Amino acid sequence: MLSSTLELLETARRNIYAIGAFNVYNLEGVKAVIGAAEAHQSPAMLQIHPSSLTAGGSPLVALCLEAARAATVPISVHLDHSTSAAAIKTALAAGMNSIMADGSHLPYSENLAFTKEMTQLSHTYGAAVEAEIGRISGTEDGLSIAEKEAKMTDPVQAVEFVAATEVDALAVTIGNVHGEYRSEPRLDFDRLAKIRKLISIPLVLHGASGLPASMISKSIQLGVCKFNVNTEVRQAYMRSLKEQLNAAKTPDLLDLTGSAIASMQAVVAEKLQLFGSVGKAHLHQSPYAEMLARVMVN
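Residues numbered from 1 in each chain as written. Predicted model: local features only at pLDDT ≥ 70, side-chain atom pairs only at ≥ 80, totals over all residues. Heavy atoms only, no water.

**Quick word on the overall build of the protein**
For the record, the criterion: Strands are runs of DSSP state E lasting at least two residues, helices are runs of H or I lasting at least four, and both sets are numbered from the N terminus onward. Two residues qualify as a contact provided that any one of their heavy atoms is within 4.5 Å of a heavy atom in the partner residue. In short, Shrake-Rupley with a 1.4 Å probe defines the accessible areas, and a residue's cover is counted only from the protein chains shown.
Helix and strand counts for the protein stand at 11 helices and 11 strands. Pairs at least 24 residues apart make up 73% of the contacts formed inside the protein by residues separated by at least 6 positions. Approximately 13100 Å² of the protein is accessible, and the part contributed by carbon and sulfur atoms is 55%.

**Thoughts on helix H5 (residues 108–124)**
The test is simple: What a helix should span is 1.5 Å times the count of its residues minus one. Think of it in three bands: with a 1.4 Å probe and only protein chains considered, a residue is buried below 20% of the maximum accessible area for its type, exposed above 50%, and partly exposed in between.
Taking 1.5 Å per residue, 17 residues should reach 24 Å; H5 reaches 25 Å between its end C-alpha atoms and fits that length. Every buried residue belonging to H5 is among Asn111, Leu112, Phe114, Thr115, Met118, Thr119 and Ser122, and all of these are buried. Structurally, H5 contributes buried residues whose contacts are with strand S3 (75–82), helix H4 (85–93), strand S4 (98–101), strand S5 (128–133) and helix H6 (155–165). Positioned one or two residues after H5, glycine 126 has a phi angle of 75°, which is positive.

**Describing helix H1 (residues 5–15)**
Within H1, the full set of buried residues consists of Thr5, Glu7, Leu8, Leu9, Thr11 and Ala12. Downstream of H1 by one or two residues, isoleucine 16 has phi in the positive range, about 60°.

**Quick look at the packing of aromatic side chains**
Worth spelling out the cut-off: For this analysis, a ring pair means two rings from Phe, Tyr or Trp (six-membered ring only for Trp) whose centres lie within 6.5 Å, classed as stacked if their planes differ by under 30 degrees, edge-to-face if by over 60, and tilted for the remaining angles.
A complete count under the given rule lists 2 aromatic pairs for this structure. Between tyrosine 108 and phenylalanine 161, the aromatic rings sit 6.2 Å apart at their centres with planes inclined by 50°, giving tilted as the arrangement. Pair noted here: tyrosine 108 is in helix H5 and phenylalanine 161 is in helix H6, with a separation of 53 residues, a long-range link. Residue classification places tyrosine 108 among the partly exposed residues on the basis of a relative accessible area of 25%. With a centroid separation of 4.8 Å and 15° between ring planes, the pair formed by phenylalanine 227 and phenylalanine 275 is classed as stacked. One end of the pair, phenylalanine 227, is in strand S11 (residues 224–229); the other, phenylalanine 275, is in helix H10 (residues 253–275), with 48 residues separating them in the sequence.

**Section: the packing of H4 against H5**
Two measures define how a pair of helices packs: the angle their axes make with one another and the distance between the axes. Heads up, the condition is: To obtain each axis, a line is fitted to C-alpha atoms, and for helices this fit is confined to the stretch in contact; angles are then taken between N-to-C directions over 0 to 180 degrees. What sets the label is the angle itself: under 35 degrees gives roughly parallel, over 145 gives roughly antiparallel, 65 to 115 gives roughly perpendicular, and the rest give oblique. Helix crossings fall into two classes, left-handed where the near helix is turned counterclockwise from the far one by less than a right angle and right-handed where it is turned clockwise.
Relative to each other, H4 and H5 sit at 15°, their axes nearing to 11 Å. Looking at the two axes, H4 sits roughly parallel to H5. The chirality of how H4 crosses H5 is right-handed. Note on element contacts: H5 touches H4 through Phe114, Met118, Leu121 and Ser122, opposite Ala85, Ile88, Lys89 and Leu92.

**A word on the nonpolar core**
We apply this condition: Take the buried Ala, Val, Leu, Ile, Met, Phe, Trp, Tyr and Cys residues and link them wherever side-chain atoms come within 4.5 Å; each set so joined is a nonpolar core.
One finds Leu46, Ile75, Leu170 and Phe227 to be the most contacted residues of the largest nonpolar core, which totals 76 residues. Setting aside anything within four residues of it in sequence, one finds leucine 170 in contact with Ala131, Glu132, Ile133, Ala158, Phe161, Val162, Ile199, Ile201, Pro202, Leu203 and Val204. Counting 12 residues, the second-largest nonpolar core is a separate cluster that includes Leu8, Met100, Val204 and Cys225.

**A closer look at the pattern of salt bridges**
Should the charged atoms of two oppositely charged side chains come close, the side chains can pair. Condition: Here a salt bridge means any side-chain nitrogen of Lys or Arg lying within 4 Å of a carboxyl oxygen belonging to Asp or Glu.
Enumeration according to the criterion identifies 5 salt bridges in this entry. Among the salt bridges present, the one from lysine 226 reaches glutamate 130, with a minimum N-O distance of 2.8 Å. Taken together, the positions of lysine 226 in strand S11 and glutamate 130 in strand S5 put the pair 96 residues apart, joining distant regions of the chain. Among the residues examined, lysine 226 registers a relative accessible area of 1% and is labelled buried.

**Considerations on the confidence of the model for the protein**
The condition that has to hold: The quantity known as pLDDT measures the predictor's confidence residue by residue, on a range of 0 to 100.
For the protein, mean pLDDT is 89; residues scoring 70 or higher make up 88% of the total. The low-confidence segment residues 137–149, where pLDDT is below 50, has 32 contacts with residues more than four positions distant or belonging to other chains. The low-confidence segment residues 288–298, where pLDDT is below 50, has 3 contacts with residues more than four positions distant or belonging to other chains.

**Some words on the packing of H6 against helix H7 (residues 189–198)**
Interhelical geometry of H6 versus H7 gives an angle of 30° and a closest axis separation of 9 Å. Of the two possible hands of crossing, H6 and H7 adopt the one that is right-handed. Residues Pro155, Val156 and Val159 of H6 form the contact with H7, whose participating residues are Arg191, Lys194, Ile195 and Leu198.

As structure tokens, this is what we get:
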């Protein structure tokens, strides 16, 4: 069931759990995410990073959208970390449910201007917008940000930013990193609590790969309702391929991809459990109900 990203996030926030947003690159990744979501009756998000969009193009978007429509649980399709107005326009025209307008690499005023423009555009398509205040360090899909460039989200600045841009969700930086944590994660929960107190829109935490269950749980209690996951699922895919290809007998291609899907699906299922979304699919209204509600309001 292709669903609204905003509806997924708002329902998760009201019921104190989080939506898992998983970066996908191909059919195997899509099948792993939806397979886990259906098996555990959980909503989920298929995310396409700009590098994946460049590699897969419109066929990858079409694959995600069609798989979401055919799923028996609520699934939305999201463009992750886009710094390009052209890529965002392509995603919106292709029918994606939401985009991340990522101006976090820009000076604050330019981030605000870029995000505001992309939000206005996205809303004309009925798509939700996620933005980022602060700068998260680490490496993901070719996006590399040195630790010295990282900057925590300023709660007061976040209030101003959300009001000026009218974004639908905010990715916060509280010590989380992209990729693997090189030491024990240390999240600034006091900062997160202040942000939650000051703004009401859904909060997002990137860099969920490697975060311990206790930090995931506390983040949800403090208002995070979307976690981005990439590294651990991607590693499971690559590890499965290596093991199969190094086996004494060369596997059939379908057996090879089947094993990779199963490995990724196991990781996705574990994350859905951590995020508290297992068994919550029934809480989400159908897209037709949402459409009818909007018509009645208007």
